[in-house]
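So the chains spell out like this:
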There are 2 protein chains.
Amino acid sequence: MSAIEELFDFNKKTLLLQSVAGRTAWDQETMMPKEGAALRSQEMGALEEIIHIRKQDKRIADWLDKAKPETEEDKRKIELIKRGFERANLVPVKLATELAETSSKSQIVWQEARKNNNFSDFSPYLEKVVNLKREEAAHLTKTGELYDGLINDYEHGMTKNEISEIFNIMKPRLLNLKKKISESEIHISKIKGDFDASKQLALSKEIASVFRYDFDRGRIDTVTHPFCSGNGNDVRVTTRTDLKDPFNCIYSTIHEVGHASYEQNVNSNYNLTPLGSGVSLGIHESQSRIFENQLGRSRAFTKWLFKRMKETFSNFDIKNEEEFYRIVNKVSPGFIRTEADEIHYNLHIMLRFELEIAIISKEIEVEDLVDAWNTKFKSFFNKEVKNVSDGALQDVHWSIGAFGYFPTYTLGNLNAGCLFQTMKSDLPNLENNLENGEIGPAKDWLTKKIHQHGSMYEPKNLIKKATGREFSVEPFISYLEEKFTDLYFN
Amino acid sequence: MSAIEELFDFNKKTLLLQSVAGRTAWDQETMMPKEGAALRSQEMGALEEIIHIRKQDKRIADWLDKAKPETEEDKRKIELIKRGFERANLVPVKLATELAETSSKSQIVWQEARKNNNFSDFSPYLEKVVNLKREEAAHLTKTGELYDGLINDYEHGMTKNEISEIFNIMKPRLLNLKKKISESEIHISKIKGDFDASKQLALSKEIASVFRYDFDRGRIDTVTHPFCSGNGNDVRVTTRTDLKDPFNCIYSTIHEVGHASYEQNVNSNYNLTPLGSGVSLGIHESQSRIFENQLGRSRAFTKWLFKRMKETFSNFDIKNEEEFYRIVNKVSPGFIRTEADEIHYNLHIMLRFELEIAIISKEIEVEDLVDAWNTKFKSFFNKEVKNVSDGALQDVHWSIGAFGYFPTYTLGNLNAGCLFQTMKSDLPNLENNLENGEIGPAKDWLTKKIHQHGSMYEPKNLIKKATGREFSVEPFISYLEEKFTDLYFN
């Protein structure tokens, strides 16, 4: 074999082991018996050690030196392998191991602390994680700015300054929109009654098919916190049911099917190469968000969904399409990010971003975190946080050291905004399709513009190729302003 | 770390990776989407390569040299690691890889060939497998007898001669018993009607609990060919349902729960050490068989089961306990091993053993196999094989090169015979317990005598420790003679 063949073959086996690790993690959330946890964490540790060692393997440097890529695809593969190899070798093994062990423990403590609404049990662990992440960031950063070293792991090339600029544009307009809505005379109720879990699931599976999820290459199961897992021909979706809130199940499913659609529709020639999965979290989240919100919560699609829910649930008491549309789009300043509407969601992200910046730069310490959170929450949401479980303890991310991850959620919304603007003009019948529950054309458009390319292009290039324009904040903000002004004032 | 600690730690990680591989194989049969197969076989290949390399790792030799085991347990662990290391290094890597690749292909071809009832499609692949296995056997054998090298992988220390001696005692007595039964005037019907699959499953799960399967450390799913997978705190059972035959589901479940009971009840200090799972196939099969047959098909337990099935299935038309007992123990010379009664099952094994001996020693070749099978089947079962799918193509074993595996099924029956003899005298209330669906005392007896010891003792020692006697064919044969003479002549 030539050097490039050896390199790709070695990389393929690493990807295969990562695929096994991903499915083992899936099993942990979906299938694992109650007492299997201790064995499982040891299994994951053993697998991850093997994978980590492979990523650092010195032979990669040699193969990279000798590799002669000829096609654009091969050049990009080499670029991505090189990036991964350099990344794996930037952080000393001792630090990487310490981080893995500390965050694994910290996550377990966080779960208990959140359950008990008690930050002080968790704070010594979070302190350790934060210190290790600061140390790691110092190894990773290329700009000197610590936070840049962290976000780069989730959204390659993105920087603190760029995100700050984006958020500085968004924040006043979102706060303004939020204020305007609070003055509306339209008051939207919530859905009432109990909704059979198995019917919720059956309907969600039907909707997954409507969104063109391929069940021959995946499956749907229930979990506590929904996620999507896998690439290519084995991409699994998870969802959850809430007896009182059937929309939780339906929109969790559509969201995860958005992620799955990306992974199921990458060019199959890219399978088991560095090109074979989604390119970044910000692009991935755009695919889940556009399915969930721009399409799934559109006035047009909710007409179809209203009909199907009425047919499915005998006790369904929402009176008409318009009431239904309003209920699934109700704007309300809640404490919990994952339950937030399209406007408040981004305010949740900005709050976390500002706190992450402060904590990584040592402007504040872990002991200041709860106060800082509550003060910011008051200023953004105009509400007092009473339970720390509804505040600084609500998300898993910090417990596992995932600083720099949150901004990619809003980047996803912004990317979805850019894509939806172009999709609408490319697909003049879109509204009509959505009213009839036909998602095929929208999904095919996304496959052509985004999915099929896998990791072939950098996020910003991909958006530019897809839309013919540079990435911009404007389409998403305008979409929100138009949608919610119409919804609350017409 | 000392040499022995390093050795045990290295071994533990290999066991963890094997545990992941086992669960990945479980997923393939239970959860994997239809199109996931090609990815899966590559994943399994990558994992197995890693595991194989670890088993051969030269550091093991060094650690073994330096290790100073002090306890009996540590001495046994060292013995087993040494055995595995020597085994892994006996076969040249090239041959091992060729065998893995060939048998993987061969199995796929076999599946199709069996479906199409066409041996000639399969025979070129089987020829390759047989030639490679002969070659492998030459590397493995310590006695000069090729077959000994193969059976040793499944039942350590067992030889062709010893099995021949055992089978030579059994065969005339089984044939004699079979002949006698064929002259009985009692004719046993089959169960009639359709039986709801979900009710079969629910009842099977209840029965699994009755047999003390721990659902907190396992789960039950359905597959085409039932099996049990995993050790310690994550031991999963699979079963199947047949609309026309609820006993298939029930007795498959009890059988696999027998295997699971062994794995769930090994001393937890042995977890993730070489002692942490069942010691041999012949002992493992004794645990599944004693649950399924000596206990599950006993007159006493079938009284309880009759009652529960009558309560479960509204269309259940078996009239009384005695008819029920006869139906689940009906003796009938069928073509298919996995559907055979307790007598014919062992004749199936003997037939395969004789053919394996002949083919590995080159007495016959693959091209002679179908004729040889059919001739032997006629002489053992007095029936003509019409479809090769019901004959030489029925089992997966040869397609994957598992020559030497079949005899362990009958060894399992014989071990179960030895154990049951002692269990009955140790537990005077056994019959009464079984009539009331109380399997606890029998299961606890097996845990004390067998399960808890994991791989601490060699099979024959284990049986001797459990029964106070040397292993013998007699208890099982006597059990069969008594049970079926009573059943067919009283």
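Residues numbered from 1 in each chain as written. Chains lettered and ligands numbered in written order. Predicted model: local features only at pLDDT ≥ 70, side-chain atom pairs only at ≥ 80, totals over all residues. Heavy atoms only, no water.

> Teacher, can you tell me more about the overall build of chain A here?
Scanning chain A from N- to C-terminus turns up 20 helices and 3 strands. For 490 residues, the compact-globule estimate of 2.2 N^0.38 gives 23 Å, and the C-alpha radius of gyration of chain A, at 23 Å, lies within 12% of that figure. If one aligns the C-alpha atoms of chain A with their principal axes, the spans along those axes are about 65 × 50 × 50 Å. When contacts within chain A are restricted to residue pairs at least 6 apart in sequence, long-range pairs at least 24 apart make up 74% of them. When the accessible surface of chain A is totalled, it reaches about 20,800 Å², and 48% of it is carbon and sulfur. (Helix = DSSP H or I, 4+ residues; strand = E, 2+ residues; numbered from the N terminus. Rg over C-alpha atoms; globule rule 2.2 N^0.38 Å. Contact = heavy atoms within 4.5 Å. Areas by Shrake-Rupley, 256 points an atom, 1.4 Å probe, with all protein chains shown as cover.)

> Would you mind going over the environment of B:Pro246 with me for this structure?
All names here are of chain B. Position of Pro-246 relative to the elements: it lies in helix α10 (residues 246–264). Spatially, the C-alpha atom of Pro-246 lies 9.8 Å from that of Gly-193, the residues being 53 residues apart in sequence. Apart from residues no more than four positions distant in its own chain, Pro-246 is found in contact with Ile-191, Phe-195, Gln-200 and Met-309.

> Help me understand the interface of chain B and chain A, please; the structure alone is not making it clear to me.
When the parts of a complex come together, some accessible area is lost, and that lost area is often used as the size of the interface. Chain B puts 36 residues into the contact, and the matching count from chain A is 36 residues. With both sides pooled, the region where chain B packs onto chain A buries about 2,900 Å², and carbon together with sulfur makes up 60% of that total. The largest per-residue losses of area from chain B upon contact with chain A belong to B:Pro33, B:Leu39 and B:Asp216, which jointly make up 17% of the total buried on that side. Connecting chain B to chain A are 10 salt bridges. The tally of links from chain B across to chain A stands at 18 residue pairs in polar contact (both at pLDDT 80 or more). Of all elements in the fold, only α1 (3–30) and α2 (37–56) of chain B reach the threshold of two or more residues within the side of chain B that touches chain A. Of all the elements, α1(B) adds the most residues to the side of chain B that touches chain A, at 11 residues. (Buried area = accessible area lost by both parts, 1.4 Å probe. Salt bridge = Lys/Arg side-chain N within 4 Å of Asp/Glu carboxyl O. Polar contact = N/O pair within 3.5 Å; in protein donor to acceptor, adjacent residues only side chain to side chain.)

> What is the right way to read helix α20 (residues 474–489) of chain B from this model?
Since one α-helical turn is 3.6 residues long, residues separated by three or four positions face the same way. Compared with an ideal rise of 1.5 Å per residue, which puts 16 residues at 22 Å, α20(B) spans 22 Å between its outermost C-alpha atoms and is within 8% of the ideal. Among the residues of α20(B), B:Pro475, B:Phe476, B:Ile477, B:Ser478, B:Tyr479, B:Leu480, B:Lys483, B:Phe484, B:Leu487 and B:Tyr488 are the ones counted as buried. (Expected span 1.5 Å × (residues − 1). Buried < 20%, exposed > 50% of the residue type's maximum accessible area, 1.4 Å probe, protein only.)

> Please clarify how the pattern of salt bridges should be interpreted in this entry.
Side chains bearing opposite charge may pair, as long as their charged atoms lie close to each other. Residue and element names in this part refer to chain B. Scanning all chains against the criterion turns up 98 salt bridges over all chains. A salt bridge links Glu-145 to Lys-160, with the shortest nitrogen-to-oxygen separation between them at 3.5 Å. Highlighted residues: Glu-145 in the loop between α6 (119–140) and α7 (146–151) and Lys-160 in helix α8 (residues 160–182), separated in sequence by 15 residues. For Glu-145, a relative accessible area of 26% puts it in the partly exposed group. Owing to a relative accessible area of 18%, Lys-160 belongs among the buried residues under this scheme.

> Can you help me understand the sheet that holds strand β1 (residues 220–222) of chain B in this one?
Across a sheet, paired strands are connected by hydrogen bonds in the backbone, their directions being either parallel or antiparallel. All names here are of chain B. Overall, mixed pairing links the 3 strands, which are arranged β1-β3-β2 in an open sheet. With one partner strand each, in any of the chains shown, β1 and β2 (228–229) form the two edges of the open sheet. As judged from the 3 bridges shared by β1 and strand β3 (residues 236–239), these two strands associate in the parallel manner. Each bridged residue has a counterpart across the sheet, and for Asp-221 the counterpart in β3 is Thr-238. (Pairing = 2+ DSSP bridges.)

> Where do I start with the packing of aromatic side chains in this structure?
Note on aromatic pairs: each is described by the distance of the centres and the angle between the planes. Counted by the stated rule, this structure contains 52 aromatic pairs over all chains. Between B:Phe195 and B:Phe316 the ring centres are 6.5 Å apart and the planes differ by 70°, which places this aromatic pair in the edge-to-face class. Of this pair, B:Phe195 sits in the loop between α8 and α9 (197–210) while B:Phe316 sits in the loop between α12 (299–312) and α13 (321–327), and the two are 121 residues apart along the sequence. Note on B:Phe195: relative accessible area 0%, which makes it buried. A connected cluster of aromatic rings, assembled from ring pairs, spans A:Tyr154, A:Tyr345, A:Trp373, A:Trp398, A:Phe403, A:Tyr405, A:Phe406 and A:Tyr409. We note A:Lys180 situated over the ring of A:Phe489; from NZ or CZ to the ring centre the distance is 5.6 Å. A cation over a ring is seen here: B:Arg352 above B:Phe406, with NZ or CZ 5.4 Å from the ring centre. (Phe/Tyr/Trp six-rings, centres within 6.5 Å; stacked < 30°, edge-to-face > 60°. Lys NZ or Arg CZ within 6 Å of the ring centre and 35° of its normal.)

> Any chance you could explain the nonpolar core here in plain terms?
Where a protein is soluble and globular, its nonpolar side chains tend to be buried together. Core analysis: the largest hydrophobic core is formed by 113 residues, its most contacted members being A:Met170, A:Phe211, A:Leu295 and A:Met423. Broken down by element, the residue count for this core peaks at 12 residues, all from helix α14 (residues 342–360) of chain A. Not counting residues within four places of it along the chain, the set of residues in contact with A:Leu295 comprises A:Phe211, A:Ile290, A:Phe301, A:Phe420, A:Met423, A:Leu430, A:Leu434, A:Ile439 and A:Ala442. B:Tyr213, B:Phe313, B:Ala466 and B:Phe476 belong to the second largest nonpolar core, which has 112 residues in total. (Core = buried A, V, L, I, M, F, W, Y, C linked by side-chain atoms within 4.5 Å.)

> Would you explain the domain arrangement of chain A in this entry?
Residues and elements named next belong to chain A. The assigned domain composition of chain A is domain 1 (3–90) and domain 2 (110–490). Placing the centre of domain 1 and that of domain 2 at their C-alpha centroids yields a distance of 27 Å. Every contact between the two is made by 19 residues of domain 1 and, on the other side, 23 residues of domain 2. Roughly 1,900 Å² is buried in total at the junction of domain 1 and domain 2, and carbon and sulfur atoms are behind 63% of that figure. When residues of domain 1 are sorted by the area they lose upon contact with domain 2, Trp-26, Arg-76 and Arg-87 head the list and together hold 31% of the total. Along the contact surface separating domain 1 from domain 2 lie 5 salt bridges. Note that Asp-153 is salt-bridged to Arg-87, the shortest N-O span being 2.7 Å. (Domains from an automatic or database assignment.)

> Mind showing me how you'd approach the packing of α8(B) against helix α16 (residues 407–426) of chain B here?
How two helices pack is summed up by the angle between their axes together with the distance between the axes. All names here are of chain B. For the pair α8 and α16, interaxial distance at closest approach is 12 Å and the crossing angle is 60°. Comparing the axis directions of α8 and α16 gives the class oblique. The way α8 lies across α16 gives a crossing that is left-handed. When α8 is examined against α16, the residues Ile-163, Ile-166, Phe-167 and Met-170 are found in contact with a partner set consisting of Pro-407, Thr-410, Leu-411 and Leu-414. Looking at the contact of α8 with α16 residue by residue, the class counts come to 7 nonpolar, 1 polar and no charged. (Axes fitted to C-alpha atoms, helices over the stretch in contact; angles between N-to-C directions. Parallel < 35°, antiparallel > 145°, perpendicular 65-115°, else oblique. Left-handed = near helix turned anticlockwise from the far one by under 90°. Nonpolar A, V, L, I, M, F, W, Y, C, P; charged D, E, K, R; others polar.)

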